[in-house]
Amino acid sequence: MIFDIEVNNRIIKARKGETILSALNRSGIKVPTLCYMQEFLPTGNCRICVVEVEGKSNLIPACSHPVEEWMKIKTHSERVIKARKSLVELLLMNHPNDCLYCVRNGSCELQELSKELFITEKRTAKNFSQIKIDQSSSSIVRDISKCILCGRCIRICDELQHINAIDFIHRGNKTMVAPSLNKPLNVSSCINCGQCIMVCPTGALTEKSQITKVQDALHKKDTNVIVYYSPSITLSLAEEFGLKPGKDVYGILNAALKKIGFKNVFDSGFAADMVIMEQANELKERLENNANIPLFTSSCSSWIQYAEQLAPEVLPMISTCKSPQQMMGSIIKSFYAKEYHLQPENIYTVSIVPCTSKKFEALREEMTIKGISDVDAVITTREIARLIRLYGIDINNIEIENADEPFKSRSSAAKMFAFTGGTTEAILRTLAYQITGKESYNFKLNDSKLFKNRKEGKIKIGNYEIGVAIVNGIGNVSEIIEEIKAGRNDLHLIEVMTCIGGCIEGGGQPIGLDEKSIKAQIKTIHEIDENEIIKTAHKNPQIQYLYSSYFEKAGSEIAKRIIHTKYQCRNDINI
């Protein structure tokens, strides 16, 4: 049912059952919010979205109050603005004055609200020197002095991710957001996905930056600092510089990284091709032996941490392949070092990723060979944007360049690792060739539509009918695990992505990415896949050379030693 309501002396359309905020947004009328998150049930906690409704003595929270036919609403009356201003002033009274050097300066919702409401000074100053910043996690920094108790991080962790690492603790003016018993984040159930960072309106939750660490390495004369980037980075970085959503800045990024001073710039899509080769072979062997089925993918490090902490019974089913990040580091410090007569200890590898949990992954004990780490530093999309600005590089006035040999080549299948469903499609393409000797390119598992929860299908390859499941978001994985434990046996390949949408919506991506931008990035990847000649990992000539000259074949003993790993049950601690 559609009816009229009056807003600011003009008539707009409203739908029965929707909230005032929904009707206002659809009509292009902006009302500020802090606690509200789209697609989550509203709580009305922050009260920033209050509006004045004729006949109501109190101001009404627009996010949670349903529209009614008779309503006459004022969204920016004198009373409303005064109330919002008072609420924001109260928040600022309990907020530090470090905007100049806060990592969220320029993308802080509290800062924006202060500007909109023309708040130019604080009424009182609070001493924050006694508040300790929680830096115990390898991926996420928690600064409770900047927390405004909006509850967004709690809801994303609980309702979407089903991890429950943080919650409100204490009462009254001592209320705070923290792990259970106010313990450090590294002894919680946190899986370092960083989705809490993406919804935090201030700088209370941020990634643990490694920019200074990278700069120090760049200044060392005897160190070969090598950088490589994940498939999604060349698309999402455009957002950080105000470029058209979905624009592929591959050539620009290569040139910028070389200007910063990196010795070599590689595309870790090459390593994604290696993962495809190894996981397709692994699945083929399991199908032939009818053992450890289904095969769970292993590229998502938060998913691995989830399994180790909360579902150790599925560890034998997870692929032993390292993630593309770790494979690339391993290859650089083994094959590349040998080919170019370098000492692995003099190589410093820097990985650029859309994910905060990769910082944790790089520190895992299993990711070292003879005491040398595969990856020395991990920086996110946001961090590389800061580094580019720090070095004064104008990306709008730069000559594009290619990545360097021998790791500049990748298939279009590798590019599909950026979004949910892409990994499955890529593996099936190579698996089909391994089983039948024929090329197959389109299994229709990844389309431009963003699906929720999970997608399943049956794929006929040779004599096998392969059951495939794609889990979109870690909050949806427990259901499929329970089904397998209960005896379900018609699934053979299960892709798990912790973040809804996959890596393009990872915890290290630009703050404020919307669905339009995500769809633009997916569309670009589809166009790349359609237009490029090399659509499968096994057709990548540099992959062919690597296997013929070094690994011999997928799943060889040397491959298992260098680019495969193992997992362990973790009770409650992540470092």
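Above this text sits the structure in question.
In short, a report on the structure.

About the criteria used
- Residues numbered from 1 in each chain as written.
- Predicted model: local features only at pLDDT ≥ 70, side-chain atom pairs only at ≥ 80, totals over all residues.
- Heavy atoms only, no water.
- 1 Å grid on protein atoms, 1.4 Å probe; cavity = no way out; pocket = protein on both sides within 12 Å on 5 of 7 lines; lining within 4 Å.
- Points joined across faces, edges and corners; volume = space filled by probe spheres on them.
- Helix = DSSP H or I, 4+ residues; strand = E, 2+ residues; numbered from the N terminus.
- Pairing = 2+ DSSP bridges.
- Axes fitted to C-alpha atoms, helices over the stretch in contact; angles between N-to-C directions.
- Nonpolar A, V, L, I, M, F, W, Y, C, P; charged D, E, K, R; others polar.
- Buried < 20%, exposed > 50% of the residue type's maximum accessible area, 1.4 Å probe, protein only.
- Contact = heavy atoms within 4.5 Å.
- Salt bridge = Lys/Arg side-chain N within 4 Å of Asp/Glu carboxyl O.

### Details of the layout of surface pockets
Estimates place the volume of the second largest pocket at around 720 Å³. Along the walls of the second largest pocket sit 23 residues, with N94, C147, I148, L149 and T175 positioned nearest its centre. Looking at the lining of the second largest pocket, the element that brings in the most residues is helix 2 (residues 78-93), giving three residues.

### Thoughts on the sheet that holds strand 11 (residues 264-267)
With parallel pairing, the four strands of this open sheet are ordered in space as 11-10-13-16. Lying at the two open borders of the sheet, with one neighbouring strand each, are strand 11 and strand 16 (377-380). Each neighbouring strand pair of the sheet contributes to a mean axis angle of 25°, computed without reference to strand direction. Across four bridges, the pairing between strand 13 (residues 347-353) and strand 16 is parallel. Across the sheet, residue I352 finds its bridge partner in strand 16, namely I379.

### Considerations on empty space enclosed by the protein
Taken as a whole and judged by the stated rule, the model has five cavities of 30 Å³ or more. One number sums up the size of the largest cavity: a volume of about 310 Å³. Lining the largest cavity are 25 residues, and of these S299, P354, C355, K358 and C503 sit closest to its centre. Within the residue set of the lining of the largest cavity, elements represented by two or more residues are helix 10 (301-310), helix 11 (324-339) and helix 12 (357-362). Residues belonging to the lining of the largest cavity are distributed by class as follows: 12 nonpolar, 12 polar and one charged.

### Focus on unusual backbone geometry
Of the consecutive residues I293 and P294, the connecting peptide bond is found in the cis state with omega at 10°. Turning to its location among the elements, P294 is positioned in the loop between helix 9 (269-289) and strand 12 (295-296). In the segment running from E405 into P406, the intervening peptide bond is cis, with an omega of 5°. Looking at the element boundaries, P406 is found in the loop between helix 13 (381-390) and helix 14 (412-415). Phi at L181 is positive, roughly 60°, even though this residue is not glycine. With respect to the helices and strands, the residue L181 is situated in the loop between strand 8 (176-178) and helix 5 (195-199). For L181, a relative accessible area of 72% gives the class exposed. A positive phi angle, near 60°, is found at N182, a position not held by glycine. Among the residues examined, N182 registers a relative accessible area of 37% and is labelled partly exposed.

### With respect to the pairing of strand 17 (residues 454-461)
In the sheet, strand 17 pairs with strand 18 (residues 464-472) via eight bridges, with the strands oriented antiparallel. Looking across to strand 18, one finds that G457 is bridged to V468. Linkage of strand 17 to strand 18, two consecutive antiparallel strands, is achieved through a turn of two residues, within which G462 is found at a positive phi near 60°.

### Quick look at the environment of F270
Mapping F270 onto the fold places it in helix 9. Through-space distance from the C-alpha of F270 to that of Y228 is 10.0 Å; in sequence the pair is 42 residues apart.

### Some points on the sheet that holds strand 17
In spatial order, the strands read 12-19-18-17; together these four strands make up an open sheet with mixed pairing. Looking at strand neighbours, the two that pair on one side only are strand 12 and strand 17, the edges of this open sheet. Two strands pair when backbone bridges link them, and strand 12 and strand 19 (residues 493-497) are joined in this way by two bridges, in the parallel orientation. Across the sheet, residue F296 finds its bridge partner in strand 19, namely I494. With respect to the sheet, helix 15 (residues 422-436) is in contact with strand 17, strand 18 and strand 19, its orientation differing from that of strand 19 by roughly 155°. In the packing of helix 16 (residues 477-485) onto the sheet, contacts are made with strand 12, strand 17, strand 18 and strand 19, and the angle to strand 17 comes to roughly 50°.

### Re the side chain of H65
By the secondary structure assignment, H65 is in the loop between strand 4 (60-61) and strand 5 (72-74). Apart from residues lying up to four places away in sequence, H65 is in contact with E18, T19, I20, K56, I60 and M71.

### Description of the pattern of salt bridges
Oppositely charged side chains can form a pair if their charged atoms are brought close together. As enumerated under the stated definition, the model contains 38 salt bridges in all. Put simply, E361 and K358 hold a salt bridge, and the shortest N to O gap is 3.2 Å. Of the two residues, E361 and K358 are both situated in helix 12; the distance of three residues between them amounts to about one turn of the helix. Taking relative accessible area as the criterion, E361 reaches 4% and is therefore assigned buried. On the basis of relative accessibility, which here comes to 9%, the residue K358 falls in the buried class. Salt-bridge contacts for E532 lead to R410; the nearest nitrogen and oxygen are separated by 2.9 Å. With E532 in the loop between helix 17 (515-531) and helix 18 (541-551) and R410 in the loop between helix 13 and helix 14, this residue pair connects regions lying 122 residues apart in the sequence. Looking at E532, the relative accessible area reads 26%, which means it is partly exposed. Look at R410 and you get buried, because its relative accessible area is 14%. Several salt bridges share partner residues, and in doing so they unite R454, E456, K458, E483, R488 and D490 into one network.

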